[in-house]
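A closer look at the structure
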Amino acid sequence: MTRAPGTGRRPAVDGPAPPGHRRLPAGVVAGVQASAPIFLVLRRMRAPLITLILIFAVSVLGLSLMPGVDDAGEPYRMSIFDSFYVMSYTATTIGFGEIPYAFTGAQRLWVTGTIYLSVVGWAYAISALLSLLQDRAFRSALALQHFSRKVTRLREPFLLIAGYGQTGELLGRSFDELGRRFTVVDLREARIDALELDTLRADVPGLVGDARNPRDLQVAGLSHPCCEGVLALTDDDEANLAVAMTAALLRPELTVVTRTTSAVVAERMSSFGDPTVINPFDRFGDHLRLALHSPAAYQLMTWLESGPGAQLPERSAAPAPGRWVVCGYGRFGRHFAADLRSEGLEVTVVEPKAVPDPDPDHGLHLVVGDESDPEVMAATDLRNAVAFVAGTDNDTTNLSLVAAARRVNPDLFVAARQNAPTSAALFVAMEVDALLVPTEVIAHEIYARLSTPLLWRFVRELPGQDDAWAEALTQRLVEECGHHLGALWKVRLTDEEAPSLGGWLERGELHLGDLLRNPDERDQSLPAVPLLLLRDGDECLLAPDDGTVLQPGDELLLAGRPLARRALEKTLMVDAVPEYLVTGRRVPASWFWRRVTGYPRR
C-alpha cells in the first residue's frame, strides 16, 4: 500500500519525454523523492542524535581525564582512543572489561555515571525512532518512494487505472489474465489494501492518492514513457473529468477512457482531446434494444465481452410488443425511457416528483408518486403491461418493486438496476430477465476496446446481423470451446508475424480453411472459430467461411482453445507447414534438408 503525502511528488523517469509531454526534469523529481524519507529522519531524530553524541563525547572526554594507575602503581591516563573504545563497548552493553589496566575508584565512578547517562540517551533515541516509524508522514514517504521506484522500473507498456472500485477490479483481473501490466491510484486505502491481498499474477503498484491531483497521477505513471493509456473509473464524475483533463494536457497522445452518467460532464470531457466516454445507462439501453430485436446476438455479445473463461449466459426471450412501466425517472430512467420510445413503445414512468414537459404525444405517460405506494403502482395498470423496469438508485427499493410487480402480473418481463456489489446475490436469487450492473457494463466495454481492438470492431458490427446468424455462430463457438469462452487473439498476416505465409498470400493460394488446419494432421481442423477478418484497415467480414482467400496484411480475430493458438503459431512461423496444409505434401522443415532433397522454398 502506498499513500501520497499532502505535498505529492512525481516519479523519476528515464528516457526522453514524448511529444507534447510537459514534466519536471527526471533528476530533480528523483532527488526530491529520494530525499524525503532522509529529510524526515534527520528532522525527527535530530535532537535524540545530538543528545547521544553529546553523552558519548562527554563520557569519552571525562574518562580520558580521570586519573588511573598502571601495573607499577605509576599515574596513568587513558588516551582518547582507549577511552573511545571502552565507552563503545560499555554504551552498547557488551562489556569486555577494564583496559589496559584496572580502573581506579575515580574511573569506575565516572564509568558508572556514564552507563546510566547512556541508558537515558538510548531510551530517548529509541522512543523517538519508534515514534518516527509509526508516524503517518514518514510511512507515507517510504511507501511513496517504494511505489515510485516500482513504477520507474516498468519497462513494458502499462495502463494507469484511476479508481479501483468494482469496475477497476474487474478490469484489473481481466488485464492480468492477459498479461498486461497496470498501475492503480485510488482515494480509499481499503481498496489499495485489497489490491495488495489480491492473487494477481503480476506485482501491481497501488497508490493511495487523489486522482484529481495531477501530481498523484504523475506519481502513478502518467509521465512514464511506457504508459499507453489512462482509465478514469472513479464513482465521482468531477474526478473523472479531472483525470481526462490532466491526461489531455500532459500526455495528449495517450488513450483515455472515462465513465460518467451525466451528459453535461460527458460534453465537458469531450472538450479535452478525444477521450472515450462511456455512459452505462446509454449502453444498457442499447443492449436491451438489441436483446429485444435479436436475443441470440445479445447473448453472443455479452459472452464475448465477458472475456476468456466466461460462461455462456442464458438467452432470455424478448417480451411481446406492448407498454413498459419504468420506476425511477432519474438519469437512468430518462435514458432508458428515451430508448424505448425510439422503438415506438408506450412507456409509463413512475416518479416521486413531477417531470417538466413529459411529452405525452411521444408515448410517455407520467405517474407522480412514491414507487412503494400501492395506490401509485395500481395507477400504472401493471396487469396490462408487458415489461417492468425497477431503475431507482436504491437496491432495496428495486428488489421490493420487482417482487410487488410480479405479484400483480407474473408474466411481466422484468429488468432491474443493481447499484451495490453487495446486492448481487439478492438480484441473482430474484432471477430478473435483464439486470443492469453499471460497473460491469463499463468493464465489459473497456475490455472489448482495449484487450483486442478487433473485438470491439466485431461488437460494433454485430447488431447489423440477424438472429439466425448469431445463433449459428454461438453454436459453433460452443462446439469448439464448450460453454466457457476460450482464448481471444489476433493474427496479422504480415512478413513480421507470419513469415511462412508470404509466398502463398502473394499468389492467392491460401484459404482460411487451410490456415486453420492442424499442422500435424491436416485432415483435422483446429479448435478455433474466426470471428472477424479486417482487410485494408476498413473492409470488415464477420465470421468468414473456410473458402475465404487470404491476402497480405489481413487481420483475423479468432476464438478457441489455447492449443489452437499454439498450433497456429507453428503454421505462421515454420516454412514447411503451409505446403503440407495446402497441398498435403510433407516437405523438409530445415534449410539443409530442403537443399539435400531439392525442395525449393515457396
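For the structure itself, consult the block above.
Just so it is clear, the structure is predicted and the values come from calculations on it, not from any experiment. (Residues numbered from 1 in each chain as written. Predicted model: local features only at pLDDT ≥ 70, side-chain atom pairs only at ≥ 80, totals over all residues. Heavy atoms only, no water.)

We now examine the environment of Arg108. You can see Arg108 is positioned in helix 4 (residues 105–133). The sequence separation of Arg108 and Gly68 amounts to 40 residues, and the corresponding C-alpha distance is 10.0 Å. (Helix = DSSP H or I, 4+ residues; strand = E, 2+ residues; numbered from the N terminus.)

Next up on the list: helix 11 (residues 280–293). With 14 residues, helix 11 ought to run about 20 Å at 1.5 Å a step, and its terminal C-alpha atoms sit 20 Å apart, in line with that. Of the residues making up helix 11, those classed as buried are Pro280, Phe281, Arg283, Phe284, Gly285, His287, Leu288, Leu290 and Ala291. Capping the start of helix 11, Asn279 holds a side-chain oxygen 3.0 Å from the backbone nitrogen of Phe281, two or three residues further along. (Expected span 1.5 Å × (residues − 1). Buried < 20%, exposed > 50% of the residue type's maximum accessible area, 1.4 Å probe, protein only. Polar contact = N/O pair within 3.5 Å; in protein donor to acceptor, adjacent residues only side chain to side chain.)

Considering all chains together, one arrives at 11 aromatic pairs under this definition. Ring centres of Phe458 and Trp469 lie 6.5 Å apart, and the angle between their planes is 35°; on these two criteria the pair is classed as tilted. Of the two residues, Phe458 sits in helix 18 (residues 453–461) while Trp469 sits in helix 19 (residues 467–481), which places them 11 residues apart along the sequence. The exposure class of Phe458 is buried, given its relative accessible area of 0%. For Trp469, a relative accessible area of 21% puts it in the partly exposed group. One aromatic cluster is present, built from ring pairs that chain together Phe281, Phe284, Trp324, Phe332, Phe336 and Phe413. Lying across the ring of Phe175, Arg180 places its NZ or CZ 5.5 Å from the centre. (Phe/Tyr/Trp six-rings, centres within 6.5 Å; stacked < 30°, edge-to-face > 60°. Lys NZ or Arg CZ within 6 Å of the ring centre and 35° of its normal.)

Reading across the sheet, the six strands line up as 11-10-9-12-13-14 and stay open at both edges, with parallel pairing between neighbours. With partners counted over all chains shown, the strands left at the sheet margins are strand 11 (364–368) and strand 14 (434–436), one partner each. Shown here is a sheet whose adjacent strand axes are inclined to one another by a mean of 15°, direction ignored. Pairing of strand 12 (residues 387–390) with strand 13 (residues 413–417) involves four bridges; the strand directions are parallel. Considered in strand 13, the bridge of Phe388 is made with Val414. The sheet contacts of helix 13 (residues 331–342) involve strand 9 (324–327), strand 10 (347–351), strand 11, strand 12, strand 13 and strand 14, and relative to strand 9 the element is tilted by about 170°. (Pairing = 2+ DSSP bridges. Axes fitted to C-alpha atoms, helices over the stretch in contact; angles between N-to-C directions. Contact = heavy atoms within 4.5 Å.)

Right, let's talk about the pairing of strand 4 (residues 181–186) for a bit. Burial of strand 4 is extensive: six of the six residues sit out of reach of the surface. Across the two faces of strand 4 the burial is the same, with Arg181, Thr183 and Val185 and Phe182, Val184 and Asp186 all buried. Two strands pair when backbone bridges link them, and strand 3 (residues 158–162) and strand 4 are joined in this way by five bridges, in the parallel orientation. Note that in strand 4 the partner of Leu160 across the bridge is Thr183. Each parallel crossover has a hand, and the one from strand 3 via helix 6 (residues 166–178) to strand 4 is right-handed. Handedness of the strand 4-helix 7 (residues 189–197)-strand 5 (residues 206–208) crossover: right-handed. (Right-handed = clockwise from strand over helix to strand, strands pointing away.)

Next up on the list: the pattern of salt bridges. Scanning the model with the defined rule gives 27 salt bridges in all. For Glu461, the salt bridge identified is with Arg457, shortest N-O distance 3.3 Å. Of this pair, Glu461 and Arg457 both sit in helix 18, four residues apart, which is roughly one turn of the helix. Judged by its relative accessible area of 31%, Glu461 is partly exposed. The class for Arg457 is buried, based on a relative accessible area of 15%. (Salt bridge = Lys/Arg side-chain N within 4 Å of Asp/Glu carboxyl O.)

Here helix 6 crosses helix 17 (residues 438–450) at 30°, and the two axes come no closer than 8 Å. What the angle tells us is that helix 6 and helix 17 run roughly parallel. Viewed along their axes, helix 6 and helix 17 form a crossing whose handedness is right-handed. For the pair helix 6 and helix 17, contact is made by Gln166, Thr167, Leu170, Leu171, Ser174, Phe175 and Leu178 and by Thr439, Glu440, Ile442, Ala443, Ile446, Tyr447 and Leu450, respectively. Here the contact of helix 6 with helix 17 is composed, by residue class, of nine nonpolar, four polar and one charged. (Parallel < 35°, antiparallel > 145°, perpendicular 65-115°, else oblique. Left-handed = near helix turned anticlockwise from the far one by under 90°. Nonpolar A, V, L, I, M, F, W, Y, C, P; charged D, E, K, R; others polar.)

For a regular strand, side chains alternate in direction, first toward one face of the sheet and then toward the other. Of all eight residues that make up strand 16 (residues 528–535), eight are buried, and the element is covered over most of its length. Bridge count between strand 16 and strand 18 (residues 555–560): six bridges; the pairing is antiparallel. Across the sheet, Leu533 pairs through a bridge with Leu556, a residue of strand 18. Bridge count between strand 16 and strand 17 (residues 539–542): four bridges; the pairing is antiparallel. Considered in strand 17, the bridge of Leu533 is made with Leu541. The antiparallel hairpin formed by strand 16 and strand 17 contains three residues in its connecting segment, where Asp536 sits at a positive phi of about 60°.

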